[in-house]
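# Examination of the molecular architecture
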Amino acid sequence: MNNYVVDFNVAESIVCPSMKGYGAMSDLICSSQYTFHSGKIYGIVGECGSGGWGISYILCGRNWPKECEIKINGKVVNRGELEKVGWYVGEGVRHRNHFFQEKSVKKQIEEGIRKSGVSSVEDVIRKFHLTPERLSVQLSILSWERWRASAAIGYAHNCRIFCFPWLDTCYLNDMITNSRLDIFSDILKQEGNIIIIPTEKQGTIEMIADEIIEINNPRFGVSSLAKEVVENYRKDGIPK
């Protein structure tokens, strides 16, 4: 696989990421510039709504703010080009037709391999430790194995940037113990992919991440205006 260097540059934006069966959020991204390299797991650390999920959502092509520039290996790409190499971990193949019935995990893997030729169905099943008895069901029916199966589908489609939704510390701990995030993210990393995992605290993610990016969103610090309002109230009482 070719090495990937992804340059991310976005002005302050409001993004509303979501995931079917998982949740949704209004995310305020401050003006940001980051560079991501192949073969690395990135922990994007920041509190809920401070931009981590939004960054991940953009990098897999799910959103495209007005003032946004993304380069892959020095070349500016558009949203369509990014969608071809980005993968939203937790979901399966997207279809524009809302009435399209979701295919089984196995059929989505087979579909990807037919297009990409990266591997074999058996190799993907073995590599991501998928349960053979569960391959015939839809991804949305699975519980913790959903995350591993989703990563396997993206791998079969030869995607290169694997982006997670924002995970609170409790859910991240559970994903490691129940889905073995540590194993399947390492598999993706060793294949030269970029893995983006936004979360709230550094403690757990630093066990598996190669690099930590702390979001210093000024809107999520202590507001001097809010402090002034409270101090004036304590001193003068309710404004007339």
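This write-up is about the structure you can find in this document. Here the structure is a predicted model, which is why all the values come from computation and not from measurement.

On a plain count of helices and strands, the protein comes out with nine helices and 13 strands. In terms of overall dimensions, the protein is globule-like: its C-alpha atoms have a radius of gyration of 20 Å, near the 18 Å expected for 240 residues. Looking at the 240 residues of the protein, the share that counts as buried comes to 48%. Considering only contacts in the protein between residues 6 or more positions apart, those separated by 24 or more positions represent 73%.

The next subject is the nonpolar core. Where a protein is soluble and globular, its nonpolar side chains tend to be buried together. Counting 70 residues, the largest nonpolar core has F36, L59, I109 and F128 as the members making the most contacts within it. For this core, the leading source of residues is helix α5 (residues 145–156), giving seven residues. Setting aside residues no more than four positions away along its own chain, L59 makes contact with V6, F8, F36, I70, L82, G86, I161, C163 and I196.

All right, on to helix α3 (residues 105–116) then. In an α-helix, one turn spans 3.6 residues; hence positions three or four apart end up facing the same way. Along its 12 residues, α3 runs 17 Å from first to last C-alpha, staying within 8% of the 16 Å computed at 1.5 Å per residue. Within α3 the residues assigned to the buried category are V105, Q108, I109, E111, G112 and I113. In this structure, the buried residues of α3 make contact with α4 (121–127) and α5. Among the residues trailing α3, G117 stands out with phi positive, at a value near 65°.

Along the polypeptide, I29 turns up in strand β5 (residues 27–29). Spatially, the C-alpha atoms of I29 and R219 are 9.5 Å apart, while their sequence positions differ by 190 residues. Once residues lying within four places of it in the same chain are set aside, the contact partners of I29 are V10, A11, E12, S13, V15, G51, G54, I55, I58 and N217.

Next up on the list: the packing of helix α6 (residues 169–179) against helix α7 (residues 181–190). In the contact formed by α6 and α7, the axes pass within 6 Å of each other and the chain directions differ by 80°. With respect to α7, the element α6 is oriented roughly perpendicular. Contact with α6, carried on its side by L172, M175, I176 and S179, involves L181, D182 and F184 of α7 and no other residues of that element. When the residues that make up the contact of α6 with α7 are grouped by side-chain class, the tally is five nonpolar, one polar and one charged.

The subject of this paragraph is the sheet that holds strand β13 (residues 211–214). Spatially, β10-β11-β12-β7-β13 is the arrangement adopted by the five strands of the open sheet, whose pairing is parallel. The outermost strands of the open sheet, each flanked by one partner alone, are β10 (86–88) and β13. On average, each strand axis in the sheet is inclined to that of its neighbour by 20°, with strand direction left out of account.

For the rest of this paragraph, the subject is the environment of V229. Tracing the backbone shows V229 in helix α9 (residues 224–236). With 66 residues separating them along the chain, V229 and C163 place their C-alpha atoms 40 Å apart.

Turning our attention to the pattern of salt bridges. Tallying each qualifying case throughout the model produces 12 salt bridges. Among the salt bridges present, the one from E83 reaches R94, with a minimum N-O distance of 3.7 Å. You can see E83 sitting in helix α2 (residues 79–85) and its partner R94 sitting in the loop between β10 and α3, a full 11 residues away along the chain. Salt bridges linked by common partners bring D123, R126, K127 and E191 together as one network.

With a phi close to 50°, N73 is a non-glycine residue in the positive phi region. Mapped onto the fold, N73 is located in the loop between β8 (68–72) and β9 (75–77). Despite not being glycine, R180 has its phi angle at roughly 60°, a positive value. Of note, R180 is situated in the loop between α6 and α7.

Looking now at the packing of aromatic side chains. With the rule as written, the count across this model stands at 11 aromatic pairs. Plain terms: the ring middles of Y57 and Y88 are 5.4 Å apart, the flat faces sit at 70° to each other, and that makes the pair edge-to-face. Of this pair, Y57 sits in helix α1 (residues 52–59) while Y88 sits in strand β10; the two residues are 31 residues apart in sequence, bridging distant segments of the chain. Given a relative accessible area of 9%, Y57 falls into the buried group. Three or more aromatic residues joined by ring pairs make a cluster, and in this case those are Y22, W53, W144, W147 and Y171. Positioned above the aromatic ring of W147, the side-chain terminus of R146 is 5.1 Å from the ring centre. One Lys or Arg, R160, reaches over the ring of Y4 and ends 4.6 Å from the middle of that ring.

Scoring rules and cut-offs
Residues numbered from 1 in each chain as written. Predicted model: local features only at pLDDT ≥ 70, side-chain atom pairs only at ≥ 80, totals over all residues. Heavy atoms only, no water. Helix = DSSP H or I, 4+ residues; strand = E, 2+ residues; numbered from the N terminus. Rg over C-alpha atoms; globule rule 2.2 N^0.38 Å. Buried < 20%, exposed > 50% of the residue type's maximum accessible area, 1.4 Å probe, protein only. Contact = heavy atoms within 4.5 Å. Core = buried A, V, L, I, M, F, W, Y, C linked by side-chain atoms within 4.5 Å. Expected span 1.5 Å × (residues − 1). Axes fitted to C-alpha atoms, helices over the stretch in contact; angles between N-to-C directions. Parallel < 35°, antiparallel > 145°, perpendicular 65-115°, else oblique. Nonpolar A, V, L, I, M, F, W, Y, C, P; charged D, E, K, R; others polar. Pairing = 2+ DSSP bridges. Salt bridge = Lys/Arg side-chain N within 4 Å of Asp/Glu carboxyl O. Phe/Tyr/Trp six-rings, centres within 6.5 Å; stacked < 30°, edge-to-face > 60°. Lys NZ or Arg CZ within 6 Å of the ring centre and 35° of its normal.

No statement about biological role is implied by the geometric values presented.
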